[in-house]
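Observations on chain architecture
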Amino acid sequence: MREKNREYNRNGTYRLCCLLSLMLCVLPLTGCQLAREEAATSRHEDRLCGVLITTQEQTDAYWQSHRGETADRTEAIVQMELGNELPGWPEGYCIEAQPDRDGEYNFPELEGAPMMMILKQQDEAGDYWRFTSDGAMQDIHCNSSATDRGESNHIEGTVYLEQGQQVILYANQVYQRPDGSVYVLLNSSKGFQNIGESSLGEVFSQSFKEEFTREMAGKKEFMGTELTVHVAVGEETLGTVIKEWGSEDTLLRETQVARGQEEFYLLEETAYVTIEEEKKGGGLKRSIYTWDAKEAENKDLSHPISYGNTSGLLETEYVTFLKP
């Protein structure tokens, strides 16, 4: 499964490149103590660049593997069991991001956490902004603008919950240092709790905004960043069937889609495809994809499918149709 992320340069144009779904690996927790010690003197230079969504399940699993790091955490768990509050993270606690070979950032021991980011990067053409997201962060909208006053960036996305699931989410702010390194601050949010909501649609929204000015060649330049996360209830797909049809509306083949399937090779005589998705609520969603005879024979189209995960969230996987 691949998604597109947009890279904007200072001229407002953008380049498209493929972004693999965020793959997190378990690595030693390095750099965090240093980040905490230097927070008072250096964090004012760090810039808001993203949001990482974690669940209560991930929070508990993390602290199970880091027992004894803080006594406050034990008290927070007790308060949760008493129903007094939602436990979060200790003040100022952070995890250093680990860049992979593709230049994407992973956060150790937070497997599957949805993320969206605005990263400032540089190449031979100069500085540019790169917008990224993972498979569980959907409906991404982003823009970057440059004026005489300065630069402004905005990105928003939606995390979908499974119908009827009880989920606690935290929206954690991600920062980029002047040297390009990245970390997530894990006390950014008090937490949002969804108690078995089954009605489809948005249930919560949270925004983070940062504005500042900097001196550039003797001139003050404005910089603005805004990140908005929406939480919505969506429908999980239980099963998907692809039906291939001929030019005279003749059914050629019917195929069940397997989870994790990224490509589907069509028959040579396929004129159009219908997709039937069985939803958890009992409904049936139908979609249709056609290939215009005037267009290239190998035109590729992708169909999104929403699957549930162990955290009660929905993740989108894409099946791409390939013509022979």
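Residues numbered from 1 in each chain as written. Predicted model: local features only at pLDDT ≥ 70, side-chain atom pairs only at ≥ 80, totals over all residues. Heavy atoms only, no water.

The next subject is unusual backbone geometry. We note that Glu109 has phi near 70°; this positive angle belongs to a residue other than glycine. Looking at the element boundaries, Glu109 is found in the loop between β6 (105-106) and β7 (115-123). A relative accessible area of 17% places Glu109 in the buried class. Although it is not a glycine, Asp139 sits at a positive phi angle of roughly 50°. Its place among the elements puts Asp139 in strand β9 (residues 137-146). Residue Asp139 is classed as partly exposed on the basis of its relative accessible area of 39%. (Helix = DSSP H or I, 4+ residues; strand = E, 2+ residues; numbered from the N terminus. Buried < 20%, exposed > 50% of the residue type's maximum accessible area, 1.4 Å probe, protein only.)

What follows covers the confidence of the model for the chain. With 73% of its residues at a pLDDT of 70 or more, the chain has an overall mean of 75. Across residues 1-42, confidence stays below pLDDT 50; counting only partners more than four residues off in sequence or on other chains, it has 106 contacts. (pLDDT = per-residue confidence, 0-100. Contact = heavy atoms within 4.5 Å.)

Of all the eight residues making up strand β19 (residues 272-279), seven are buried; the element is thus mostly covered by neighbouring parts of the structure. One ladder, built from eight bridges, connects strand β16 (residues 237-245) with β19; its direction is antiparallel. Bridging across to β19, Ile242 finds its partner in Ile275. Examined bridge by bridge, β19 and strand β20 (residues 284-290) share seven bridges and lie antiparallel to one another. (Pairing = 2+ DSSP bridges.)

Ordered in space as β18-β22-β21, the three strands form an open sheet in which the pairing is mixed. Looking at the sheet topology across the chains shown, the edges are occupied by β18 (263-265) and β21 (301-308). Between one strand and the next, the sheet's axes are offset by a mean angle of 30°, whatever the strand orientation. Taken together, the eight bridges between β21 and strand β22 (residues 314-322) define a ladder with antiparallel strand orientation. Of the residues in β22, the one forming a bridge with His303 is Val319. (Axes fitted to C-alpha atoms, helices over the stretch in contact; angles between N-to-C directions.)

All right, on to the side chain of Gln176 then. Positionally, Gln176 belongs in strand β11 (residues 166-176). For Gln176, a relative accessible area of 10% corresponds to the buried category. Engagement of the side chain of Gln176 in a polar contact is seen with the backbone oxygen of Gly180, the distance being 3.5 Å. In contact with Gln176, other than residues within four places in its own chain, are Asp46, Arg47, Cys49, Leu119, Lys120, Ser181 and Val182. (Polar contact = N/O pair within 3.5 Å; in protein donor to acceptor, adjacent residues only side chain to side chain.)

Our next topic: the sheet that holds β20. An order of β17-β16-β19-β20 is seen for the four strands of this open sheet, with the pairing classed as antiparallel. Single-partner strands in this sheet number two, and they are β17 (251-256) and β20. Pairs of neighbouring strands in the sheet enclose a mean axial angle of 20°, with direction left out of account.

If you walk through the whole model with that rule in mind, you get nine salt bridges. For the salt bridge of Glu162 with Lys280, the shortest nitrogen-to-oxygen distance reads 3.8 Å. Separated by 118 residues along the polypeptide, Glu162 in strand β10 (residues 150-162) and Lys280 in the loop between β19 and β20 bring together distant segments of the chain. With a relative accessible area of 6%, Glu162 lands in the buried category. Linking Glu276 and Lys243 is a salt bridge whose minimum nitrogen-to-oxygen distance equals 3.2 Å. With Glu276 in strand β19 and Lys243 in strand β16, this residue pair connects regions lying 33 residues apart in the sequence. Take Lys243: its relative accessible area is 16%, and that puts it in the buried class. (Salt bridge = Lys/Arg side-chain N within 4 Å of Asp/Glu carboxyl O.)

Here we come to the packing of aromatic side chains. Tallied over the entire structure, the rule returns five aromatic pairs. Taken together, a centroid distance of 6.5 Å and an interplanar angle of 90° make the contact between Phe264 and Phe321 edge-to-face. Placement of Phe264 in strand β18 and of Phe321 in strand β22 is noted, with a sequence separation of 57 residues between them. The exposure classification of Phe264 matches that of Phe321, with both residues buried. Aromatic pair Tyr289 and Phe321: ring centres 5.4 Å apart, planes at 55°, arrangement tilted. Of the two residues, Tyr289 sits in strand β20 while Phe321 sits in strand β22, which places them 32 residues apart along the sequence. Taken individually, Tyr289 and Phe321 each receive the classification buried, so the pair is uniform in this respect. Against the face of Phe212 rests Arg47, its NZ or CZ located 3.5 Å from the ring centre. (Phe/Tyr/Trp six-rings, centres within 6.5 Å; stacked < 30°, edge-to-face > 60°. Lys NZ or Arg CZ within 6 Å of the ring centre and 35° of its normal.)

What follows covers the nonpolar core. Formed by 27 residues in total, the largest nonpolar core has its most connected members in Val51, Ile53, Ile155, Leu169 and Leu227. Setting aside its immediate chain neighbours within four residues, Ile155 contacts Met116, Met117, Ile118, Phe131, Thr132, Ile140, His141, Cys142, Glu226, Leu227 and Thr228. Ranked by size, the runner-up nonpolar core spans 18 residues in total, among them Trp63, Tyr105, Leu119 and Val184. (Core = buried A, V, L, I, M, F, W, Y, C linked by side-chain atoms within 4.5 Å.)

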